[in-house]
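The lines below spell out each chain.
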Amino acid sequence: GLRDLSISRTSFTWGIPVPGDPKHVMYVWFDALFNYLTAVEDQGREGRFWPPDVQLVGKDILRFHAVYWPAFLMSAGFADDQLPRSIWGHGWLVTDGRKVSKTRAAGGVSRGTTDAVRLADTLGADALRYFLLREVSFGQDGEWSVPALVARVRAELTETVGNLLNRALPF
């Protein structure tokens with residue numbers, strides 16, 4: 001059921017020009033996926049990081065990693081044991097039903113945008129990790145907000161775990 005995939009586009013002008021045809025540029029997924037290879041090029045195809053044992057990608061780009069990327073590699077002569085072995089698609093974080101994005105709107109942060117580094121600096125990276133692991137089922141979308149994070153951390157870490165440690169450990 002797979003169809004041919006054109007690796008060039010004429011619908012935009014940014015990108016790597018196709019030699020001999022100035023109207024075409026390389027399809028971003030064709031050149032972007034090969035960046036994985038150049039990142040580990042000094043190790044060769046049998047290095048510590050190649051082939052990738054596990055890839056964790058967003059659910060919206062799973063097709064590119066699970067179908068196109070292995071097809072590109074096979075067409076380049078890679079053997080079956082040199083292809084990615086396991087690819088997991090994760091869900092989105094959503095706020096008010098909208099996908100959280102790292103994209104910034106002109107003039108500031110758009111609705112649904114979260115600065116994870118600033119959030120981790122403010123609330124603590126461990127608190128953020130705990131919330132995300134506890135709140136969001138793997139592979140599913142997960143509703144998230146700063147008030148929900150603060151409430152869960154207070155209830156489960158500060159009050160429950162903190163209270164237990166305070167009663168159990170001699171200080």
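Residues numbered from 1 in each chain as written. Predicted model: local features only at pLDDT ≥ 70, side-chain atom pairs only at ≥ 80, totals over all residues. Heavy atoms only, no water.

## Thoughts on the environment of Asp96
Where we set the bar: In this text, helices come from DSSP runs of H or I with a minimum length of four residues, and strands from runs of E with a minimum of two, each type numbered from the N-terminal end.
Residue position: Asp96 is located in the loop between β6 (93-95) and β7 (98-99). Separated by 47 residues in sequence, Asp96 and Glu143 place their C-alpha atoms 7.4 Å apart.

## Quick look at the sheet that holds strand β1 (residues 8-9)
Strand pairing within a sheet occurs via backbone hydrogen bonds; the two strands may be parallel or antiparallel. Spelled out, the test is: A pair of strands counts as paired when DSSP detects no fewer than two bridges linking them.
Overall, antiparallel pairing links the three strands, which are arranged β1-β3-β2 in an open sheet. Only two strands of the sheet have a single neighbouring strand rather than two, namely β1 and β2 (17-18). Note that β1 and strand β3 (residues 21-26) share two bridges and pair antiparallel. Within β3, the position partnered with Ser8 by the bridge is Met26.

## Points about the environment of Arg154
Note the following rule: Only protein chains enter the area calculation, which uses a 1.4 Å probe; residues under 20% of their type maximum are buried, those over 50% are exposed, and those in between are partly exposed.
Along the chain, Arg154 falls in helix α5 (residues 146-168). Under the relative-accessibility criterion, Arg154 is labelled exposed at 52%. In the structure, Arg154 is positioned 120 residues away from Phe34 in sequence and 44 Å away in space, judged by C-alpha atoms.

## Remarks on the sheet that holds β6
Taken in spatial order, the three strands line up as β7-β6-β8 in an open sheet, and their pairing is mixed. Strand pairing shows two members of the sheet lacking a second neighbour, β7 and β8 (142-143), which therefore form its edges. In this structure, β6 lies alongside β8, joined through two bridges in parallel fashion. From the neighbouring strand, Val94 faces β8, where its bridge partner is Glu143.

## Quick look at the side chain of His65
Formally: Any pair of residues with heavy atoms lying within 4.5 Å of one another is described as a contacting pair.
Relative to the helices and strands, His65 is located in helix α2 (residues 62-75). Leaving out residues up to four positions away in the same chain, His65 has contacts with Trp29, Leu33, Tyr36, Gln55, Val57, Pro70 and Ile87.

## A closer look at the pattern of salt bridges
How we decide: By convention in these notes, a salt bridge is any Lys or Arg side-chain nitrogen within 4 Å of a carboxyl oxygen on Asp or Glu.
With the rule as written, the count across this model stands at seven salt bridges. Between Lys59 and Asp141 there is a salt bridge whose closest N-O contact spans 2.8 Å. Taken together, the residues span a long stretch of sequence, with Lys59 in the loop between β4 (54-58) and α2 and Asp141 in the loop between α4 (125-135) and β8 at a distance of 82 residues. Glu156 serves as the salt-bridge partner of Arg134, at 3.1 Å between the closest nitrogen and oxygen.

## Some remarks on the packing of α4 against α5
Short version of the rule: Axis definition: a line fit to C-alpha positions, over the contact stretch in the case of helices; interaxial angles, taken between N-to-C directions, run 0 to 180 degrees. Oblique is the label for every angle not falling under 35 degrees (roughly parallel), over 145 degrees (roughly antiparallel), or within 65 to 115 degrees (roughly perpendicular).
Between α4 and α5, the least distance of the axes is 10 Å, while the angle of their chain directions is 95 degrees. Between α4 and α5, the interaxial angle falls into the category roughly perpendicular. Each of Ala127, Leu128, Tyr130, Phe131, Arg134 and Glu135 in α4 lies in contact with α5, whose residues at this interface are Ala148, Leu149, Arg152, Val153, Glu156 and Leu157.

## Section: a nonpolar patch on the surface
Here is the rule we go by: Patch criteria: residues need more than 30% relative accessible area and no salt bridge. Like-charged residues are merged within 9 Å; nonpolar side chains of Val, Leu, Ile, Met, Phe, Trp and Tyr are merged within 5 Å. For accessible areas, the Shrake-Rupley method is used with a probe of radius 1.4 Å. Any residue's cover is judged against the shown protein chains and nothing else.
A cluster of nonpolar residues, Val54, Leu56, Trp88 and Phe138, forms a patch on the protein surface that exposes about 450 Å² of accessible area. Structurally, the position occupied by Trp88 is in strand β5 (residues 86-90).

## Observations regarding the pairing of β5
Sheet faces and side chains relate simply in a regular strand, where the side chains alternate between the two faces. Put simply, the rule reads: Think of it like this: strands point away, you trace from the first strand over the helix to the second, and a clockwise trace means the crossover is right-handed.
Note: β4 against β5, five bridges, orientation parallel. By the bridge assignment for β5, Leu56 is matched with Trp88. Regarding topology, α2 serves as the crossover connection from β4 to the parallel β5, and that connection is right-handed.

## Considering the environment of Phe34
In this fold, Phe34 is placed in helix α1 (residues 28-39). Residue class for Phe34 comes out partly exposed when judged on its relative accessible area of 22%. It is 8.9 Å that separates the C-alpha atoms of Phe34 and Leu73, two residues lying 39 residues apart in sequence.

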